[in-house]
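A look at the structure
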Amino acid sequence: MSLFDISERAQQLQNELLDFMDAHVYPAETVYEEQMRAAGDPHFHPPILEELKAEARRRGLWNLFHPHPATGAGLTNLEYAPLAEIMGRSHLAPEACNCNAPDTGNMEVLELFGTEKHKEKYLKPLLAGTMASAFAMTEPGVASSDATNVELSMVKDGDEYVLNGRKWFASNALHKNCKVMIVMGKTDPAAPTHRQQSMMVVPIDAPGVTVMRNLPVFGYADREGHAEIDFKDVRVPVEDLLKGEGEGFAISQARLGPGRIHHCMRAIGAAERALELMCKRAQSRVTFGKPIADNANIQDWIAEARIDIEMIRLLTLKAAYLMDTVGNKEAQTEIAAIKVAAPAIALKIVDRAIQVHGGAGITDDFPLAMSYAHLRTLRLADGPDEVHKRAIARRELRQYRDLRPEGI
């Protein structure tokens, strides 16, 4: 899988996961669609998912993302990265292995910053896969690519905080098993810029919390939902504040670094599957008297896809390696770079695979249209491309600050 050292245990998990995908996950995709259609409920929780989860647990393919050996697989970022890639080949696999966002990030936050009560009430069932959670940070009224713009107010009133504001794109909030949110808001508008925000644990059924609607993504109404949520005088006990007032940014950095690795490796997995489907279609379909695969432009697309996938995989593994060895802060450039490159490259490959499939590519007969929608959305999730490019450029330019004219 890579030039980086991978432990024997991690290699065994890769082999087991590949077998699980072939034997159970890919065949389940059709069953999943049939169960969803039969239910007539866009947020129905199909039984096939619970069957997959049971099989994943039986095989030891459970909580693979979680680096804490007492409660998870205890893998490094480098060891987990290839597993995330494999799971990225199917939209069912991450949840089947209890490795789906935003639960992964929320579990990590609760592990690191939650109280014992939080861990008992929320972390344990999340780790068991019997509960789902949402993460509420993005807001409709401000440009949330700059997180300092967050406006949801968190005003202390005795032993409680009172929350008022609106969030949207709270993924997982419409999941049938969603019981809790981690919410980011502003506790002190007068504090230094990056000390104004805090995070709190808020039950999704708390009085004053109203799930307004599900936001479609390119017309897809995802089963777990991307909710717009209104907070009206929502009272949250002081003990549900995570880490402390003004720690929202610090928590978000702890949460988002590994999350971006997970997203990028899953994107590479989606690109690999798209390339596989493109090759199969090109070989099996004939136009103008010859297989589509014999056309020079199609061969260019296939060659470029293989080159691009190998490049972005190596960059992502490098980022994972640096996170493990020198820490997230020292790996900031690589983390930002993969977050820009991986979704864009995967999107280009999926787009070309759709083109090779013709009309079939934009239907639900193949996973390409859904993959395209999700990958295009990923260029906005966890910070849009422009934010990450800005961060990379500023770090590069910082080396040459002494060349700037005085007074500018």
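Bear in mind the structure is a predicted one, so any value in this text is a computation, not a measurement. (Residues numbered from 1 in each chain as written. Predicted model: local features only at pLDDT ≥ 70, side-chain atom pairs only at ≥ 80, totals over all residues. Heavy atoms only, no water.)

So, on to the environment of Asp205. Examined against the element boundaries, Asp205 turns out to sit in the loop between strand E5 (197–203) and strand E6 (209–214). Since its relative accessible area comes to 64%, Asp205 is described here as exposed. Separated by 59 residues in the primary sequence, Asp205 and Asp146 place their C-alpha atoms 28 Å from one another. (Helix = DSSP H or I, 4+ residues; strand = E, 2+ residues; numbered from the N terminus. Buried < 20%, exposed > 50% of the residue type's maximum accessible area, 1.4 Å probe, protein only.)

Core analysis: the largest hydrophobic core is formed by 90 residues, its most contacted members being Phe20, Leu64, Tyr80 and Met87. It is helix H7 (residues 248–284) that provides the largest number of residues to this core, a total of 14 residues. Counting residues in hydrophobic clusters, the runner-up holds 23 residues, among them Met154, Leu163, Ile229 and Phe231. (Core = buried A, V, L, I, M, F, W, Y, C linked by side-chain atoms within 4.5 Å.)

Across all of its chains, the model carries 29 salt bridges by this definition. The closest approach of N and O atoms between Glu50 and Lys53, which form a salt bridge, is 3.0 Å. Residue Glu50 and its partner Lys53 are located together in helix H2 (residues 47–58), separated by three residues, close to a single helical turn. Classification of Glu50 as partly exposed rests on a relative accessible area of 35%. By relative accessible area, Lys53 is classed as buried at 6%. Overlapping salt bridges, with partners in common, bring together Glu16, Asp19, Glu55, Arg58 and Arg59 in one network. (Salt bridge = Lys/Arg side-chain N within 4 Å of Asp/Glu carboxyl O.)

Here we take up the packing of aromatic side chains. Applying the stated criterion to the full structure yields one aromatic pair. Considering the side-chain rings of Trp168 and Phe169, the 5.2 Å spacing of their centres and the 70 degrees angle between planes classify their relative orientation as edge-to-face. Given the relative accessible area of 23%, Trp168 is considered partly exposed. Judged by its relative accessible area of 34%, Phe169 falls in the partly exposed class. (Phe/Tyr/Trp six-rings, centres within 6.5 Å; stacked < 30°, edge-to-face > 60°.)

Next up on the list: the side chain of Asn214. Locating Asn214 in the fold gives a position in strand E6. Within the structure, the side chain of Asn214 is placed 2.7 Å from the backbone nitrogen of His226, a separation counted as a polar contact. Contact partners of Asn214, with chain neighbours within four places excluded, come to His43, Leu174, Ala221, Asp222, Gly225, His226 and Ala227. (Polar contact = N/O pair within 3.5 Å; in protein donor to acceptor, adjacent residues only side chain to side chain. Contact = heavy atoms within 4.5 Å.)

With that settled, consider the UniProt feature "domain: Acyl-CoA dehydrogenase/oxidase N-terminal" (unreviewed entry) in the protein. If you check UniProt for "domain: Acyl-CoA dehydrogenase/oxidase N-terminal" (unreviewed entry), the listed places come out as residues 8–129 in our numbering. Measuring from the first to the last C-alpha atom of residues 8–129 gives 27 Å, for a span that is 68% helix and 0% strand. (UniProt positions renumbered as here; feature names shortened; annotations may be inferred.)

Right, let's talk about H2 for a bit. Over its 12 residues, H2 extends 17 Å from the first C-alpha to the last, a length consistent with the 16 Å expected when each residue adds 1.5 Å. Turning to H2, its buried residues number three or more, namely Ile48, Leu49, Leu52, Lys53, Glu55 and Ala56. Seen from one end, H2 has its buried residues packed into an arc of 165 degrees, which puts them on one side. Those residues of H2 that are buried lie in contact with helix H1 (8–39) and helix H4 (93–96). Positive phi appears at Gly60, one or two residues downstream of H2, with a value of about 80 degrees. (Expected span 1.5 Å × (residues − 1). Arc of directions from axis to C-beta.)

On to the packing of helix H5 (residues 103–113) against helix H6 (residues 116–128). Between H5 and H6, whose axes approach to 10 Å, the crossing angle comes to 145 degrees. Relative to H6, the crossing made by H5 is left-handed. For the pair H5 and H6, contact is made by Asp103, Met107, Leu110 and Glu111 and by His118, Lys119, Tyr122, Leu123, Leu126 and Leu127, respectively. Tallied by class, the residues present in the contact of H5 with H6 amount to six nonpolar, one polar and three charged. (Axes fitted to C-alpha atoms, helices over the stretch in contact; angles between N-to-C directions. Left-handed = near helix turned anticlockwise from the far one by under 90°. Nonpolar A, V, L, I, M, F, W, Y, C, P; charged D, E, K, R; others polar.)

Let us now look at the pairing of strand E7 (residues 226–237). Looking at chain direction, strand E3 (residues 160–171) and E7 are connected through nine bridges and run antiparallel. By the bridge assignment, Leu163 is partnered in E7 with Val234. Pairing of E6 with E7, which is carried by five bridges, proceeds in the antiparallel orientation. Within the sheet, the bridge partner assigned to Thr210 lies in E7 and is Asp230. (Pairing = 2+ DSSP bridges.)

Once that is clear, we can look at H1. The first and last C-alpha atoms of H1 sit 43 Å apart over 32 residues, in line with the 46 Å expected at 1.5 Å per residue. Along H1, the sharpest change in direction is near 45 degrees and occurs at Met21. Of the residues one or two after H1, Gly40 is the one with positive phi, at around 65 degrees. (Bend = angle between axes of the 7 residues up to and from the residue.)

Let's shift gears to the environment of His66. Looking at where His66 falls in the secondary structure, it is placed in the loop between H2 and helix H3 (77–87). On a C-alpha basis, the gap between His66 and Gly225 in space is 24 Å, while along the polypeptide they are 159 residues apart. Discounting chain neighbours no more than four positions away, the residues touching His66 are Thr71, Gly72, Ala73, Gly74, Leu75, Met107, Glu108, Glu111 and Leu127.

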